[in-house]
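Next come the chains, spelled out residue by residue.
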Amino acid sequence: MTARRYIGRAVPRPDAPDKAAGRALYIHDLARPGMLYGKVKFSEHAHARILRIDTSAAERVRGVRAVLTAWNTPELRFGFLRDNLALKRDKVRQFRDEVAAVAAVDPDAAAEAVERIRVEYEPLPGVFSPEEALREGAPLVHETDPQGRPRRDNRVPLRFHHESGDLAAAERASRYVVAGTFSTPRIQQSCMGTAGCIAEFDRRGHLTMWAKTQIPFLAQRDFARALADIGLGDRDVRVVVPTLGGGFGSGLDTHAYEYLAILLAWKTGRPVKIVYTREEEFACLSPRQCAVTRIAQGCDAEGRLTFRRVEVLQDNGAYTSWGATYPSVMMVPVTSLYKVPAVYFDAQLAYTNNTYCQAMRGYGNPEVNWAIESNLDDLARAAGIDPLELRLRNCNEPGEVTPMGLKVGTCGLRECLERTAARLGWRERRAARDGTAGAEPAKRRGIGLASLCHVGGSGRIYRSDASGVVLRLDDFGFVHVLYGGVEMGQGLHSVLTLAVAEALGVRPEKVVIGPTDTANCPWDVGTHASRGAFMACTTVLRAADALRRRIFDLARTVFPAEAEEALRRHRKRNPDDRPPEFDVAAAAARTGAFDLRDGVLFLRDAPPEPWLRLDLARFLRAVHFREGGEMLSAEAFVDPPTQLPDFERGFGNLSAAYAYGTQGAEVEVDLETGEVRVLRLVAVHDVGAVLNAQTLAGQMYGALAQGLGYALYEEVLSEGGRILNPDFRDYKLPTAHEMGMPIELEFVEPNEPAGPFGAKGVGEPGLVPTAPAIANAICDAVGVRLHDLPLRPERVLEALRKRGG
Amino acid sequence: MTAFSYHRPTTLPEAWRLLAAHPGAVLLAGGTDLLVRIRAREIRPPAVVSLRRIPVLAGATVERGGGLRIGAATPVADLLRHPAVVRRYPLLAQALRVMASPQIRNVATLGGNLCNASPCADTAPPLLAYEARVVLERARGRRELPLETFFLGPGETARRPGEILTAVRLPAPPPGARVLFHKQRRVHLDLALASVAVLLQFRGSTCRRARIAAGSVGPTPLRLREVERLIEGRVVTPELAAQAGALAARSVSPIDDLRATAAWRRTIVEVRLRRAILELAGLSPEGGAS
Ligand SMILES: Cc1cc2nc3c(=O)[nH]c(=O)nc-3n(C[C@H](O)[C@H](O)[C@H](O)COP(=O)(O)OP(=O)(O)OC[C@H]3O[C@@H](n4cnc5c(N)ncnc54)[C@H](O)[C@@H]3O)c2cc1C
């Protein structure tokens, strides 16, 4: 392979100028002629029977065009287990349940109408924690399943389980065993762009949805099903994805508001837009699940891990989304982070009357990583082994097959650990036990680290794990790219651009990424599981290869004539020049004669004469405008060699590659106030190979900010099912100020053979180990182990007082 | 947002006329509290009268006798550019600098902060420490009260219907005073979970005068007179500072809410006040303006 021209460099993103100038069009900016504004009436109870809905006053509000309830619309069922309804008929099961929807000529009229809807309820006792929900005789959130069969308890009927090795024997043989219970809160994806959509039917009943989604094709399928329920089963659904102001997993499901927009558009015959306000986004869109993880790990006298036992209990909320499958990803670190010969894993999800939850970046991994990596430090302490040493002794190795059956290709974990430790000055600093003095007497400093592994080569969670790309060349040498994955701010289009430029041999300026639209793009399972760049590059490599072959094939006949013509022109302009003799036809006839680089087609063995270098655009026109002319394009559709695991047994090679990384933190703890200041962050990640150094750094900085927020600040607070902090006033994200500490990034590049250009997916890993790295540093500083995120100063202070400090 | 009529008078009498003509009308200065509430449909005023175009309400002037008169509708950012505020009232400047964000500071006004009467209003503790007075005017009549008596409870002030807060008056600052404002926050952009404003005047190591106030730890911003009395006239020692902190923690009446627990807020008042006193007395490198 020749040296890379674009992949691996630091290149600005193609979407950056428009975004920076405020020109990018988000769902909030879009409008359609005659468009109405939809608004949702949400429940006023966490759990109640609906007795009566009076919409008469709402209907009288000027400008109102439709008021829908379950009584005047077809029933639309949706959700991962199809346990949710677009409009609730018999009862509400959470505060955000949709009981009515309004469409009006302007947002104020819609809001006014919603306020005038009167609903009579009969309140029911609710369950607000998984423990409560699973208690004998607890009120049932769902009395029946979607098929109408009675349900006996609040268990979500999904089983995730894994057992490997001889656990009992391993426990007995352990010299040291440490157990603990760790919890993580609900947090919000906090997209800068709130959720929204526009639904529009044409006169034939075909539906176009402008949707803020990460899964245009699975959404298309969901919406098609809804059309069937309305009685429009044979109509086309087209999903168009506008510029996304962040996704972070919130776009991995279809949402009630989308079905309501469809119903309102169908009812009124007009396009209908629903966009959530920030408060609605907080209160009525699904956050990341909270989790309680009970863990025990053991090791022998030498610090070799003997077993790991992990039981997770999750509050699913009232309905299921794809987020109910977090445990499928939890299995990856539980079975496969460090070498553990015996593993027990079980996850239980409970329906409650809390807000239902959905996917978020990391998808279960940060929840269990918090437990594993915190507990591992405790085990190291109990065994009297340095935490870094313990991790190195049990480090994953390239080529290993893990208890879950993950086939590890390359693995840079050892290097990640070593590099992080070196940057923290680990061996020197940890020699001085129990932290060091801070700048002031009441403050102490410490360092800590934590690692992760995650899917890095797509991840099969559906019947297909595929993506496809179309590359279409025009008369001007531009490459038009149609890709079904979603750019949501992560830099997908930048990676696509570089991959096309590199793999096809054109300049990046000549690559144009088309809109994400199910009408034009090949099918794609979705932009999740850190698969965007991995799959985009994989498909591009294949399509570009096909295009190059076709170009070189055509060049045998087209190139010699073009070169002759070029030589004639050259001679005319430079009459004194004596170009070297070169038999173009003979050279062109040889196999492998041609190459294409930076948009120039040339013969590999030819002398560097300008008339022997053919501009791609000129070549494409020659191919187009001749007898039997041809336009060049290529499509590639790739379903990667990943396995859909048997989740009940916890076995299967989920991904084609695995990503690793280690993060380190230095913190200062105020002994009197409990405040934690992160003085430094180090993140060393095995990324396979760097694709675009700039977007990669962006992904990591962004993920670290989310990791820091998860560790210290973020929590969706609720009481009796009501969300108490539905705004940025009281839901705290780290600001630029909190991210002002020095951050050191380093990338380990083992060149993954399964990865395009050697790369692995890295969209999620950056936020996974941040919290335990910080908590381990706190423990180093002040000797207390914290079990519950976020690490609010009150909690730290309480732990310090309990210890008697 | 609900609809309202919007009025932009250019004189105070015009503003009073508009208030009288539109029952239920509310005043708008920067709008950073008001518009949030209207948008959330917490209040639905039929009319909004803007104070933004009334020249006498903007700007700060040094008064005879060395005090400072600040027009109620002066934006925070303007105050931070005003030499008299920055040099002579550093305790106020410290609080203004950590209030909200640059964008909000460009429009939020001092009068709005006080009239909104939130226990966490950042300008209140330093103004209490400077013993500021507020000027209330209506079509017929003008009165002036100490800021301390202006606050009645959360969102409640002594302002009567038809009255406009026209100015805040600060007496000449105590010469040589050392000051420190600490705002306890979750992240940089946040409302105060607890705050302390400390002004100490020393002769040698003896504290001649102490003015201490706290925010977010009671129904109104609080002046902590008992603590002031404890320190005044005494040599500041670590023990005295600790006693002052402990007394302050006992004198405040915080509540548990989303942002913090009452117990932790007391701890913060205790620790931050003790550290502030020590730092101002030059006894320890601890604390520091946030
Ligand atoms: C994002 C954000 C962050 C914030 N952060 C902080 C913070 O860190 N610290 C803090 O203290 N506050 C903060 N605030 C609150 C707010 O910005 C301040 O209280 C500000 O000073 C209010 O001033 P204003 O001019 O915008 O008031 P307005 O919203 O215009 O008015 C507030 C209230 O006072 C009344 N009023 C205003 N002026 C007068 C007058 N002259 N006479 C009689 N009544 C009057 C109005 O009728 C209204 O009821 C924040 C607000 C936002 C939106």
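Residues numbered from 1 in each chain as written. Chains lettered and ligands numbered in written order. Predicted model: local features only at pLDDT ≥ 70, side-chain atom pairs only at ≥ 80, totals over all residues. Heavy atoms only, no water.

## Details of empty space enclosed by the protein
Residues and elements named next belong to chain A. Applying the stated rule across the entire model yields five cavities of 30 Å³ or more. Reported here for the largest cavity is a volume of approximately 80 Å³. Lining the largest cavity, in full, are Ala 70, Thr 73, Pro 74, Glu 75, Leu 76, Leu 85, Ala 86, Leu 87, Arg 89 and Leu 263. When the residues that make up the lining of the largest cavity are grouped by side-chain class, the tally is seven nonpolar, one polar and two charged. (1 Å grid on protein atoms, 1.4 Å probe; cavity = no way out; pocket = protein on both sides within 12 Å on 5 of 7 lines; lining within 4 Å. Points joined across faces, edges and corners; volume = space filled by probe spheres on them. Nonpolar A, V, L, I, M, F, W, Y, C, P; charged D, E, K, R; others polar.)

## Brief notes about the pattern of salt bridges
All names here are of chain A. Throughout the structure, instances matching the rule amount to 88 salt bridges over all chains. In this structure, Arg 116 engages Glu 112 in a salt bridge whose closest nitrogen and oxygen atoms are separated by 2.8 Å. By relative accessible area, which is 39% here, Arg 116 ends up partly exposed. (Salt bridge = Lys/Arg side-chain N within 4 Å of Asp/Glu carboxyl O. Buried < 20%, exposed > 50% of the residue type's maximum accessible area, 1.4 Å probe, protein only.)

## Notes on the domain arrangement of chain B
Residues and elements named next belong to chain B. With domains assigned, chain B is organised as domain 1 (5–50), domain 2 (55–170) and domain 3 (178–280). Counting residues at the interface gives 24 residues for domain 2, matched by 25 residues for domain 3. Carbon and sulfur atoms supply 65% of the area buried between domain 2 and domain 3, which totals about 2000 Å² over both sides. Interface area lost by domain 2 to domain 3 is led by Pro 119, Cys 120 and Pro 125, which between them contribute 25%. Linking domain 2 with domain 3 are five salt bridges. Scanning the region where domain 2 abuts domain 3 turns up seven residue pairs in polar contact (both at pLDDT 80 or more). For the side of domain 2 that touches domain 3, the secondary structure elements donating two or more residues are α5 (90–97), α8 (124–129) and β8 (151–153). The leading source of residues in the side of domain 2 that touches domain 3 is α8, at five residues. Looking at the side of domain 2 that touches domain 3 residue by residue, the classes come out as 17 nonpolar, four polar and three charged. (Domains from an automatic or database assignment. Contact = heavy atoms within 4.5 Å. Buried area = accessible area lost by both parts, 1.4 Å probe. Polar contact = N/O pair within 3.5 Å; in protein donor to acceptor, adjacent residues only side chain to side chain. Helix = DSSP H or I, 4+ residues; strand = E, 2+ residues; numbered from the N terminus.)

## A short note on the domain arrangement of chain A
Residues and elements named next belong to chain A. Partitioning chain A into domains gives domain 1 (31–124 + 195–275), domain 2 (291–396 + 412–461 + 644–804) and domain 3 (466–638). With centres defined by C-alpha atoms, the gap from domain 1 to domain 2 works out at 37 Å. The partner domain 2 presents 22 residues to the 20 residues of domain 1 that form the contact. Of the roughly 1900 Å² buried between domain 1 and domain 2 on both sides combined, carbon and sulfur atoms contribute 52%. On the domain 1 side of the interface with domain 2, the three residues burying the most area are Phe 80, Phe 95 and Phe 248, jointly 31% of the side's total. Taken together, domain 1 and domain 2 are joined by zero salt bridges. Counting every contact that joins domain 1 to domain 2 gives 13 residue pairs in polar contact (both at pLDDT 80 or more).

## Considerations on the environment of Asn 692 of chain A
Residue and element names in this part refer to chain A. Position of Asn 692 among the secondary structure elements: in the loop between β29 (676–686) and α18 (693–712). Among the residues examined, Asn 692 registers a relative accessible area of 2% and is labelled buried. Considered as a pair, Asn 692 and Glu 609 are 83 residues apart in the sequence and their alpha carbons are 33 Å apart.

## A look at the packing of helix α14 (residues 492–505) of chain A against helix α15 (residues 532–573) of chain A
Residue and element names in this part refer to chain A. At a minimum axis separation of 9 Å, α14 and α15 run at an interaxial angle of 25°. When the interaxial angle is binned, α14 and α15 end up roughly parallel. Crossing of α14 against α15: the hand is right-handed. Facing Leu 492, Val 495, Leu 496, Ala 499, Val 500, Ala 503, Leu 504 and Gly 505 of α14, the residues of α15 in contact are Gly 532, Ala 533, Ala 536, Cys 537, Val 540, Leu 541, Ala 544, Leu 547 and Arg 548. Counted by class, the contact of α14 with α15 contains 14 nonpolar, two polar and one charged residues. (Axes fitted to C-alpha atoms, helices over the stretch in contact; angles between N-to-C directions. Parallel < 35°, antiparallel > 145°, perpendicular 65-115°, else oblique. Left-handed = near helix turned anticlockwise from the far one by under 90°.)

## So, the sheet that holds strand β24 (residues 594–597) of chain A
Residue and element names in this part refer to chain A. Spatial strand order, β24-β25-β26: three strands in an open sheet with antiparallel pairing. Only two strands of the sheet have a single neighbouring strand rather than two, namely β24 and β26 (613–615). For this sheet, the mean inter-axis angle between neighbouring strands, taken without regard to orientation, is 25°. Bridge count between strand β25 (residues 600–603) and β26: three bridges; the pairing is antiparallel. Bridge pairing links Leu 601 to Leu 614 in β26. Against the sheet, helix α17 (residues 616–624) engages β24, β25 and β26, with an angle of about 70° to β26. (Pairing = 2+ DSSP bridges.)

## A short note on helix α1 (residues 12–21) of chain B
All names here are of chain B. Every buried residue of α1 is accounted for by Leu 12, Ala 15, Trp 16, Leu 18 and Leu 19. End-on, the buried residues of α1 take up no more than an arc of 160°, which puts them together on one face. Structural note: α1 exposes Arg 17, Ala 20 and Ala 21 on the side pointing more than 90 degrees away from its buried face. Packing partners of the buried residues in α1 comprise β1 (5–7), β2 (26–28), β3 (47–50), β6 (133–138) and β10 (164–170). (Arc of directions from axis to C-beta.)

## Here we look at helix α7 (residues 256–268) of chain A
Residue and element names in this part refer to chain A. For α7, which comprises 13 residues, the first-to-last C-alpha distance of 18 Å matches the rise-based estimate of 18 Å (1.5 Å per residue) to within 8%. Where burial is concerned, most of α7 is hidden: ten out of the 13 residues are buried. Those residues of α7 not exposed but buried are Ala 256, Tyr 257, Glu 258, Tyr 259, Leu 260, Ala 261, Ile 262, Leu 263, Leu 264 and Ala 265. After α7 finishes, the residue Gly 269 shows a positive phi value of roughly 70°. (Expected span 1.5 Å × (residues − 1).)

## Some points on the sheet that holds strand β14 (residues 272–275) of chain A
Residue and element names in this part refer to chain A. Overall, mixed pairing links the eight strands, which are arranged β3-β7-β1-β14-β11-β12-β13-β23 in an open sheet. Looking at which strands have only one partner, the edges of the open sheet turn out to be β3 (64–68) and β23 (516–517). With two bridges joining them, strand β1 (residues 36–42) and β14 adopt parallel strand pairing. Among the inter-strand pairings, Tyr 37 is bridged to a residue of β14, identified as Lys 273. Strand contacts of α7: β1, β3, β7 (98–104), β11 (196–201), β12 (207–211) and β14, with the helix running at about 30° to β11, the strand carrying the most contacts.

## Description of the site of the ligand
All names here are of chain B. Around the ligand sit 28 residues, and of these Leu 27, Gly 30, Thr 32, Asp 33 and Thr 109 come closest. One of the backbone nitrogen or oxygen atoms of Gly 31 is found 2.7 Å away from an oxygen atom of the ligand. Measuring from an oxygen atom of the ligand, one finds a side-chain N or O atom of Thr 32 at 2.5 Å. Here the ligand has 980 Å² of accessible area as a free molecule, and 88% of this is covered by the chains. Among the secondary structure elements, those contributing two or more residues to the shell around the ligand are β2, α7 (110–116) and β10. Looking at the shell around the ligand, the element that brings in the most residues is α7, giving four residues. For the shell around the ligand, a count of residues per class yields 16 nonpolar, seven polar and five charged. (Near = heavy atom within 4 Å. Areas by Shrake-Rupley, 256 points an atom, 1.4 Å probe, with all protein chains shown as cover.)

## A closer look at the interface of chain A and chain B
Each partner contributes to the interface: chain A provides 31 residues, whereas chain B provides 25 residues. With both chains or domains summed, chain A and chain B bury close to 2200 Å², and 47% of this area falls on carbon and sulfur atoms. Looking only at chain A, the three residues that lose the most surface to chain B are Glu 672, Lys 732 and Glu 794 of chain A, adding up to 22% of its buried area. The interface formed by chain A and chain B holds ten salt bridges in total. Taken together, chain A and chain B are joined by 16 residue pairs in polar contact (both at pLDDT 80 or more). Elements supplying a minimum of two residues to the side of chain A that touches chain B: α3 (107–115) and α20 (793–803) of chain A. In terms of residue class, the side of chain A that touches chain B is built from ten nonpolar, five polar and 16 charged.

## Remarks on the nonpolar core
Counting 166 residues, the largest nonpolar core has Ile 774 and Leu 791 of chain A as its most contacted members. With residues up to four places along the chain from it excluded, the contact list for Ile 774 of chain A reads Ala 665, Val 667, Val 678, Leu 708, Ala 711, Leu 712 and Leu 791 of chain A. (Core = buried A, V, L, I, M, F, W, Y, C linked by side-chain atoms within 4.5 Å.)

## Details of the packing of aromatic side chains
All names here are of chain A. A complete count under the given rule lists 18 aromatic pairs over all chains for this structure. For the ring pair Phe 552 and Phe 594, a centre distance of 6.4 Å and an interplane angle of 20° mean the geometry is stacked. Highlighted residues: Phe 552 in helix α15 and Phe 594 in strand β24, separated in sequence by 42 residues. Judged by its relative accessible area of 16%, Phe 552 falls in the buried class. Linked through ring pairs, Phe 80, Phe 217, Trp 322, Tyr 462 and Trp 523 together constitute an aromatic cluster. Over the ring of Tyr 319 we find Lys 88, and its NZ or CZ is 5.1 Å from the ring centre. (Phe/Tyr/Trp six-rings, centres within 6.5 Å; stacked < 30°, edge-to-face > 60°. Lys NZ or Arg CZ within 6 Å of the ring centre and 35° of its normal.)

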